[in-house]
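The lines below spell out each chain.
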Amino acid sequence: MGSAITGWGDALPDRVVTNDEFAARLDTSDEWIVARTGIRERRMGSTTSELAVQAGRAALKSAGIDGADVDLLVLATTTPDQAIPATSAAVHHALGCRGGAFDLNAACAGFVYALVTADALLGAGHRRALVIGSETLSRVTDQEDRSTAVLFGDGAAAIVLESGATGDLVLSYDLGVDGSAASLLYADHGGHIHMEGREVFRRAVRTEMVSIERVLADAGIGPDDVDLFVPHQANVRIIEAVNERLGLPMERTAIVLDHTGNTSAASIPLALAEAADSGRLAEGDTVLLSGFGAGMTWASAVIRWGRRGLPR
Ligand code: ACO
């Protein structure tokens, strides 16, 4: 038996922070931020658990199930509410889930890591998993540092995975990490994000390309077979560079970073949920997911969209 994505939902804080708001107090401009990143505004506020609960609730509703129907919760986050306990414990309690729950930190690749992990655990006997990406990066960003403050935003999105589908959800995947590059992007406990942007950019393009080529080959497909590409939303120039080199058209690529900024582990599910909500995904579509981030981690997967889950 395979699994299927039977529901999705997202949550963004109410507070919109525009580029002009930064330009009013930092040495930056709307023109620079849009031209160098593609970001026009981002949302800030709330907590990682609150956003996760909101997105999780929306995903459960969309799947037509209750928290008690869920027997596995995986929360991808790099900004947990506390060092101890895991933020997933509070989310599990608030949603009334059953079974186990754990946080997974693979930075911006976290959601794809979580999806692949949950799919494997459904294969091992779990019935329904709630997979959430939730982040409050504004809490760990120095709002006075123009080189990072303008990049990050807060948000969450979730999907429900159910076993009992006729085919496989994950057609191929590639998970990786290069700990030798950890110093390129880090935040100490209680500290702020430090990033060597130019080098992260260079590695992101190179790493994503290799990883995507690998999962396409493993799935036995080419770029033309991808109905929707859902990349990590860090910088539109990274996405354009990858697309150009691989022959993936921007028209078949989901972009939300213009209004969310980089939301790390929440960025891929946010883009996936928006695409699904706007009718861009149809039964049987082939979807390519790819993310990279602090670690440096990366994760790509080819998935099949829209198969029926367990009988209601
Ligand atoms: N406004 C105006 N100027 C700025 C700003 C700003 N907000 N930020 C930086 N600059 C300046 C720099 O100081 C530099 O000035 P200098 O030449 O006098 O030193 C100049 O702009 C160019 O800086 P670069 O870093 O070369 O600019 P670049 O075009 O590379 O863009 C950016 C910077 C947007 C950070 C880019 O490198 C990037 O997107 N990197 C990848 C980030 C990423 O993908 N992170 C993913 C993982 S996130 C995670 O895991 C949590």
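**Details of the side chain of N19**
- Along the chain, N19 turns up in helix α1 (residues 19–23).
- The class of N19 is buried, set by a relative accessible area of 1%.
- Within the structure, N19 has its side chain in polar contact with the backbone oxygen of I39 (distance 2.8 Å).
- Within the structure, the side chain of N19 is placed 2.8 Å from the side chain of R42, a separation counted as a polar contact.
- Leaving out residues up to four positions away in the same chain, N19 has contacts with D30, I33, V34, I39, R40, E41 and R42.

**A word on the environment of E31**
- With respect to the secondary-structure elements, E31 resides in helix α2 (residues 30–37).
- The class for E31 is exposed, based on a relative accessible area of 59%.
- For the pair E31 and R139, spaced 108 residues apart in the sequence, the C-alpha separation amounts to 25 Å.

**So, the packing of aromatic side chains**
- Summed over the entire model, instances satisfying the criterion amount to one aromatic pair.
- Seen from their ring centres, W8 and W305 are 5.2 Å apart, and the 50° between their planes marks the pair as tilted. Here W8 is found in strand β1 (residues 2–11), whereas its partner W305 is found in the segment after β13 (297–304), with 297 residues between them in sequence.
- Judged by its relative accessible area of 5%, W305 is buried.

**A short note on the pairing of strand β11 (residues 228–231)**
- Burial of the side chains of β11 extends over both faces: L228 and V230 are buried on one face and F229 and P231 on the other.
- As paired elements, β11 and strand β12 (residues 286–293) share four bridges and run parallel to each other. Of the residues in β12, the one forming a bridge with F229 is L288.

**Focus: the pairing of strand β7 (residues 154–165)**
- Burial within β7 is extensive, with 11 of its 12 residues counted as buried.
- Across nine bridges, the pairing between β1 and β7 is antiparallel. Along β7, the bridge assignment pairs A11 with A156.
- In this sheet, β7 lies alongside strand β6 (residues 128–136) in antiparallel orientation, the contact comprising nine bridges. Within β7, the residue paired with A129 across the bridge is L161.

**Here's the deal with the sheet that holds β7**
- Taking strand neighbours across the sheet as the criterion, the five strands line up as β1-β7-β6-β4-β5 in an open arrangement whose pairing is mixed. On the outer flanks of this sheet lie β1 and β5 (100–104), each paired with one strand and no other. Between one strand axis and the next, the sheet turns through 15° on average, direction left out of account.
- Note: strand β4 (residues 72–76) against β5, five bridges, orientation parallel. The residue of β5 that forms the bridge with L72 is G100.
- Against the sheet, helix α3 (residues 48–63) touches β1, β4, β6 and β7, its axis set at about 125° to β1.
- Packed on one face of the sheet, helix α5 (residues 110–123) meets β1, β4, β5, β6 and β7 and runs near 165° to β6.

**Topic: the packing of helix α7 (residues 197–219) against helix α8 (residues 236–246)**
- Direction vectors running N to C along α7 and α8 enclose 40°, while the axes themselves pass 10 Å from each other. On the basis of the axis angle, α7 is oblique to α8. Handedness of the α7/α8 crossing: right-handed. Touching F201, A204, V205, E208, M209, I212 and E213 of α7 are R237, I238, A241, V242, R245 and L246, all from α8.

**A short note on unusual backbone geometry**
- Cis geometry marks the peptide bond from I84 to P85, where omega comes out at 0°.
- Checked against the element boundaries, P85 lands in the loop between β4 and α4 (87–95).
- Look at the link from G295 to M296: it is a cis peptide, with omega at -10°.
- Structurally, M296 can be placed in the loop between β12 and β13.
- One non-glycine residue, A107, lies in the positive phi region at around 50°.
- Within the secondary structure, A107 is located in the loop between β5 and α5.

Conventions and cut-offs
- Per-chain numbering applies: the sequence of each chain, read as written, is numbered from 1 onward.
- Totals for whole chains, interfaces and linings use all residues, but because this is a predicted model, local features are given only for residues with pLDDT of at least 70 and pairs of side-chain atoms are given and counted only at 80 or more.
- Water and hydrogen atoms play no part in the side-chain values, which are based on all heavy atoms of the structure.
- For the purposes of this entry, the term helix denotes a DSSP run of H or I that reaches at least four residues, the term strand denotes a run of E that reaches at least two, and both are numbered from the N terminus.
- Whether a residue is buried, partly exposed or exposed follows from its accessible area with a 1.4 Å probe, protein chains only, as a fraction of its type maximum: under 20%, in between, or over 50%, in that order.
- Residues adjacent in sequence count toward polar contacts only when both atoms are side-chain atoms; beyond that, a polar contact is any pair of N or O atoms within 3.5 Å, and within protein one must be able to donate a hydrogen and the other to accept it.
- Residue contacts are counted whenever heavy atoms from the two residues lie within 4.5 Å of one another.
- Stacked, edge-to-face and tilted are the three classes for Phe, Tyr and Trp ring pairs, Trp counted by its six-membered ring, which pair at centre distances within 6.5 Å; planes under 30 degrees apart are stacked, over 60 edge-to-face, the rest tilted.
- Pairing between two strands is assigned when DSSP locates at least 2 bridges connecting them.
- Axes, fitted as lines to C-alpha atoms, cover a helix only where it is in contact. Angles between the N-to-C directions of the axes lie from 0 to 180 degrees.
- In this scheme, roughly parallel covers angles under 35 degrees and roughly antiparallel covers those over 145, while 65 to 115 is roughly perpendicular and the rest are oblique.
- Helix crossings are classified by the rotation of the near helix relative to the far one: an anticlockwise turn of less than a right angle makes the crossing left-handed, while a clockwise turn makes it right-handed.

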